[in-house]
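# Geometric and topological summary
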Amino acid sequence: VRFYPMGDPPHVGAQPLINAQLTAGSEAGCQVNVTVATHGASPFDADNATEPVPVNQTAVEPEAVSVPVVAVLHVCGNGRRSSAERCDDNNTDAGDGCNFYCEVEEGWNCHAVNQLYGDIGGLDLCVPTCGDGLRVLGVEPCDDNNTISGDGCSAECELEAGFECVGGSLRGADHCATRCGDGLVAGVEVCDDGNVLSNDGCSGTCAGLEAGFFCPAAGGACTRCDSSCHTCAGAGSCGSCKPSGTPFFVPGTSACVSSCTPLGLFATASLANAAHVLTGSGTSECAACAPSCLLCSGGVEGNCLACGSESKWPFFHQSQCLEACPGDTYVLPTGLSCGSCDSTCVSCSGPSSLQCLSCAAGKLHHLGQCLSACPTGLYASAGLCLPCSTAMAECNACSNATACAHCHSGYDLAGSSECTPSACTAAQYRVADGVSCADCAGSCGTCSSPGASNCSACDPTDYAHFYLQPASAEPEQPLGACVSACAVGSFVDGLSACRACDPTCATCAGGGASDCSSCEGGGPTPVLDDGSCITTCADGSYTQTTNVTSTSTSSLGQSVTVTAAVATCQLCDLSCATCDGPGTSECQACSAGIAPLLHAGVCVASCPNDHFTNTTQGVCLPCHSDCEECDGPAETDCLSCQPPAPQLLQTGQCVCGAGREVANGVCADLDECALDTAGCGNYSRCGNTDGGFTCTCTAGYSAFNGSSACVDVDECALGTHTCHFLATCANTDGSFTCSCNSGYEGPGWFCSDENECKAPHVDPNACEHKCVNIVGASACSCFAGYRLHPEVPVARLCDDIDECFESSDNCDQNCTNTNGSFACSCTQGWKLAEDMHTCIRPFPPPSPPPYPPSPPPAPPPSPPP
C-alpha cells in the first residue's frame, strides 16, 4: 500500500504501518485480516474492494484473488521530500547541505520551497546556517557565532569592510578583528591611513590620531594640521593650539593665533572651551573685550588699549574709551585721545599752564593762567583778573574798577582812589632824603632807584628798551633792565615784562613746568615731553631728536632765527612697553599681560616654535638648530624635533635612533630587509617599517618562546585545523593535510559516505551477485532465489535456495527446484492455473445455444370498407 499527499482524503506526515495477513478460503474467494499500526485508515482501491476494511476487523473479498502489499518507497534525490527524509534537494551530491542520504549536513538549514503539507512533498533549498558558529568553507565568507553586524561578520555572514576573520570551519567559529593598514576605519579603529607606520598622522596600531594631523573619518591618508594647530579636526579648524607660537584659541573660528589683541580680543584663563586648551601648557583662549574697547588687555572697562573712531566711545583716556574727554583733560591734536591739563588748571585746551580754561577755587584766571594774585594794573573779580578803569591811568594797582590801591611812580595816592602827581616826575625817583628827585636811568620809563637795572617800567615809546627784564623772579613789582628782547630762558607776560621760565626749561611760553618749548640738551632734563622737560621719556614713549628752527621779532622789528636740536618724547606702538622708534618691530621691552615677550624687536604673546621663553628677561631666545620646540638653548633641551626628518627625541635630544641613517642632512629610514641585516630566520618574512622592521612567521609557523625563530605549528595537535570530523588530520612542515577516513570521500574539509559499489571503487571479484553500499562501508547481496554463503570474514558468494526442499514454494501439488527459483506442476487430470501455482481441473467447452423458434404466421388481410 502506498500513500500520496493527493487524493481524498490525502495522507500527510508519518505513514501508517499496515500488516496484511492472507488466509486461504474456498474457491469463492479468500479472507483478509487488516491491521493499521498507527492512527488513521485509508480506503482500498475501489476495483479491489467493495468497501473499506474497518480497522482491526476482517473482511471477505469474494472476487479477489490476492491483496498485494507494496512497501513505501523513499527515493532520495528525486526533489520531493518524503516522510523518512530530512531533506531532498533533487540530487545526491554531498557538500551542498543535503547529502545522498537526504540528511541535513552540519552547518546547513534546509526548507522546502514549494510547500504543500509542511515540508513533505517539497523541493528543499539548503543554505548555510548563519550565526551557528560553524563556517561552511567555500560558501560562507565568515561565521562568528552571532548575527550581529559591526563586529567583522555581518548578520548575513558576509565579511565586513575593514575586518578580517580567521579560524572558522565546521569545527568552530571565526574570530574577527579589524585590519589596521587597509585604509578603512572599522570597529575600534580611530583612524586608518593605509599603512602601519607611525609619525604620519595615524598610529601604527590605528588606535589613535597623532598630534598635528587630521585623518578622514572613513579612512585614508592623514593630512598635517595647519602650523598653528597642535591638534585639528580639519584644514583650518584647530582642535587645540601649540604652546609656542600660536597658543591662543579663538572660539567661533577654531583658529590658533599668536595674540588675541589685534582681533579685538584678549587672552583669558577663564575657559569657555577648555577642550581646546592643553592643560598646563600655557595655552588659553581669546575672549571678547568690553563693548567700549576696540583693543583691550581684559574683558572689563579700564582694560582698553585703543578705541574705535567711529564708535560711541571714541576718546581714549587712562585705559578707558569714553564718549568725551573728562573736564580736567583736553583732546590731543594727534588723535582721539585725552591729555591731562596742567596741575594749575581745572579745565584746559592744552597741556600748558597758559592754556587753562578754568581754575580751582581761590585761584584767578588771567590770559590762560591760574594765578594766586592779579598782575599790576588788574584786580580780582569773580575769579578773574580785570583791568583797572581807564580813567585811573596813573593807578598801578587797584582793588576794584574805581578804587586805586597803588599809583605809578611820580604819583601819590590821595584818599582812597585818586593818584595825584608827586613832587617827582614819572622818570624820576625820590632820593634817600625823601624830598629830592633824581632822574631814572635813560632806559627806564619809571624807577624807584638809580641804575639801568632798577627800572620798574619801561618807556612804551622806546622800542630799544621795550621789555622789562627783572633782576628777580618775584612776581610783585619786579625791578630790572629795559631790553629790546627778553633773554633766553624767559618769556613775556601780559604786562610786557620778561619772566623767567621754569628751571627745567631752556625756553618757554609761560612760567610753569609744563610751559617749556625747549630743554637744555646737556642739562639734567634734556627731553621735551608735552611741554615739560624731563630726564628720560616715560615707558611707552621714546626720544626723538629733530632740528627745530624758530624765528622771533624784537621790539625793534629785527627778525631773530634760532635752529636747535630738540629732543621730544613720541609714543611707542601699543604693543611696546619701551621702544626706540614708532614701529611694531622697534620695541625694547614689552607690556605684561598683552604680548609680554620680546622677539626680534616685536612683542609677542608667545615665542615662535623654534624659540623658548626666558622668563627672567621676558625675551624669546632661539632653540638649538635640531629642535622644533624647546625649553632651553642646548641641544638637549628639545621638546620636539625639526620636520621633515623623523628624528627621535631621547632625553631632550633629537637623534636619528635605531633603524635610521643620516642621508642628505636628514634622518632617512634604513631598509633592513633590503640590506638583509634584519636577521629574520627561516620561515620568517621581513617587513620594513619606518625606523625599524618586523619579522613575521609565515603561515603554518609561529615564533618560538617570543624569539624571531619560527617553528612549525602542529595544527592537528592544537585542534586548529579545519578537517572534517570524518577526516584524519596529518601535520606537515608549515601546514597540515586532511584525508577522509576509510569508507568516506571528499576534499578533507568535508567528507561524505563513499559508494564503494560504484567505479572506480568497485572490485569485480568482491561480490558474486550484487554490491550494496552502506554508511562507511559496503556489503554483498544475492539475487532473488539465492542467499549469501556463510564465509569468514566476509560473505560474498551466493548459494541457490531449494524452495521445494525448504517448503518455501507455493505450489499446489508438485515442486521442482531451479537455479534461483522453482517450478510448479500438477498431477494427471489437473492443470496449472494462470498464476502458475494453483492446479485446477480441466472443464469441457460450453454447448452452443439452441436454434431460435419460427416466426408466427402473418394475419389475414382486412376486408374492404
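Residues numbered from 1 in each chain as written. Predicted model: local features only at pLDDT ≥ 70, side-chain atom pairs only at ≥ 80, totals over all residues. Heavy atoms only, no water.

## Digging into the overall build of the protein
The helix and strand tally for the protein stands at two helices and 73 strands. The contacts of the protein with a sequence gap of at least 6 include a subset with a gap of at least 24, amounting to 24%. Summing over all exposed atoms, the protein offers an accessible surface of approximately 47,600 Å²; the carbon and sulfur share of this is 55%. (Helix = DSSP H or I, 4+ residues; strand = E, 2+ residues; numbered from the N terminus. Contact = heavy atoms within 4.5 Å. Areas by Shrake-Rupley, 256 points an atom, 1.4 Å probe, with all protein chains shown as cover.)

## Quick notes on the nonpolar core
Formed by Tyr429, Ala438, Cys440, Ala441, Cys444, Cys447, Cys455, Cys458, Leu468, Cys482 and Ala497, the largest nonpolar core amounts to 11 residues. Of all the secondary structure elements, the ones that give two or more residues to this core are β34 (444-447) and β35 (455-458). Setting aside residues up to four positions removed in sequence, Ala497 forms contacts with Leu468, Phe491 and Val492. (Core = buried A, V, L, I, M, F, W, Y, C linked by side-chain atoms within 4.5 Å. Buried < 20%, exposed > 50% of the residue type's maximum accessible area, 1.4 Å probe, protein only.)

## Thoughts on the pattern of salt bridges
Using the criterion set out here, one finds four salt bridges in the structure. Put simply, Asp124 and Arg81 hold a salt bridge, and the shortest N to O gap is 2.6 Å. Remark: Arg81 occurs in the loop between β3 (58-61) and β4 (108-112) and Asp124 occurs in strand β5 (residues 124-128); sequence separation between them is 43 residues. Judged by its relative accessible area of 10%, Arg81 falls in the buried class. (Salt bridge = Lys/Arg side-chain N within 4 Å of Asp/Glu carboxyl O.)

## Concerning the sheet that holds strand β13 (residues 255-257)
Reading across the sheet, the four strands line up as β13-β12-β15-β14 and stay open at both edges, with mixed pairing between neighbours. The open sheet has two edge strands, β13 and β14 (265-268), and neither has a second partner. In this sheet, adjacent strand axes meet at a mean angle of 40° when their direction is disregarded. For β14 and strand β15 (residues 284-288), the ladder comprises four bridges, and the chain directions are antiparallel. Counted as the bridge partner of Ala267 is Cys286 from β15. (Pairing = 2+ DSSP bridges. Axes fitted to C-alpha atoms, helices over the stretch in contact; angles between N-to-C directions.)

## Quick word on the state of the cysteines
Enumeration over the complete set of coordinates arrives at 49 disulfides. The side chain of Cys241 participates in a disulfide bridge whose partner is Cys256; the two sulfur atoms lie 2.0 Å from each other. Residues Cys241 and Cys256 are joined by a disulfide whose S-S torsion is about -85°; by sign, that bridge is left-handed. In this pair, Cys241 is assigned in strand β11 (residues 237-241) and Cys256 in strand β13, connecting sequence segments 15 residues apart. Accessibility assignment for this pair places Cys241 and Cys256 in one class, buried. (Disulfide = S-S within 2.5 Å.)

## Brief notes about the pairing of β11
With respect to burial, β11 is a largely interior element, four of its five residues being buried. Judged from the four bridges that link them, strand β10 (residues 229-234) and β11 form a sheet pairing that is antiparallel. Within the sheet, the bridge partner assigned to Gly234 lies in β11 and is Ser237.

## Quick notes on a nonpolar patch on the surface
Residues Val113, Leu125 and Val127 make up a contiguous nonpolar surface patch of about 270 Å² in total accessible area. With respect to the helices and strands, Val127 occurs in strand β5. (Patch = residues over 30% accessible without salt bridge, like charges linked within 9 Å, V, L, I, M, F, W, Y side chains within 5 Å.)

## Overview of the confidence of the model for the protein
In the predicted model, the protein carries a mean pLDDT of 79, and the fraction of residues at 70 or more is 81%. Taken as a whole, residues 1-72 scores under 50 in pLDDT and shows 79 contacts with residues more than four places along the chain or in a different chain. (pLDDT = per-residue confidence, 0-100.)

## Here's the deal with the packing of aromatic side chains
Pairs of aromatic rings are described using the distance from one ring centre to the other and the angle between the two planes. If you walk through the whole model with that rule in mind, you get two aromatic pairs. Ring centres of Trp749 and Phe750 lie 6.3 Å apart, and the angle between their planes is 50°; this geometry places the pair in the tilted category. (Phe/Tyr/Trp six-rings, centres within 6.5 Å; stacked < 30°, edge-to-face > 60°.)

## Overview of the environment of Ser240
By the secondary structure assignment, Ser240 is in strand β11. Measuring from C-alpha to C-alpha, the distance between Ser240 and Ser228 comes to 9.2 Å, with 12 residues separating the pair along the chain. A polar contact is formed between the side chain of Ser240 and the side chain of Thr231, at a distance of 2.7 Å. (Polar contact = N/O pair within 3.5 Å; in protein donor to acceptor, adjacent residues only side chain to side chain.)

## Focus: the environment of Ser284
Positionally, Ser284 belongs in strand β15. Between the alpha carbons of Ser284 and Pro243 there is a distance of 9.0 Å; along the sequence they are 41 residues apart.

## Digging into the side chain of Gln469
Tracing the sequence through the fold places Gln469 in strand β36 (residues 467-470). Side-chain polar atoms of Gln469 contact the backbone nitrogen of Ala487, separated by 3.1 Å.

## A closer look at unusual backbone geometry
In the Ramachandran plot, Ala600 falls in the positive-phi region, its phi being about 55° despite a non-glycine side chain. With respect to the secondary-structure elements, Ala600 resides in the loop between β48 (597-599) and β49 (602-604). A positive phi angle, close to 55°, is found at Ser807, a residue other than glycine. Its location among the elements puts Ser807 in the loop between β69 (798-800) and β70 (814-818). Given a relative accessible area of 59%, Ser807 falls into the exposed group.

## Side note on the side chain of Gln428
Within the secondary structure, Gln428 sits in strand β32 (residues 428-430). With relative accessibility at 17%, the residue Gln428 sits in the buried group. Here Asp439 takes part through its side chain, which lies 3.2 Å from a polar atom of the side chain of Gln428.

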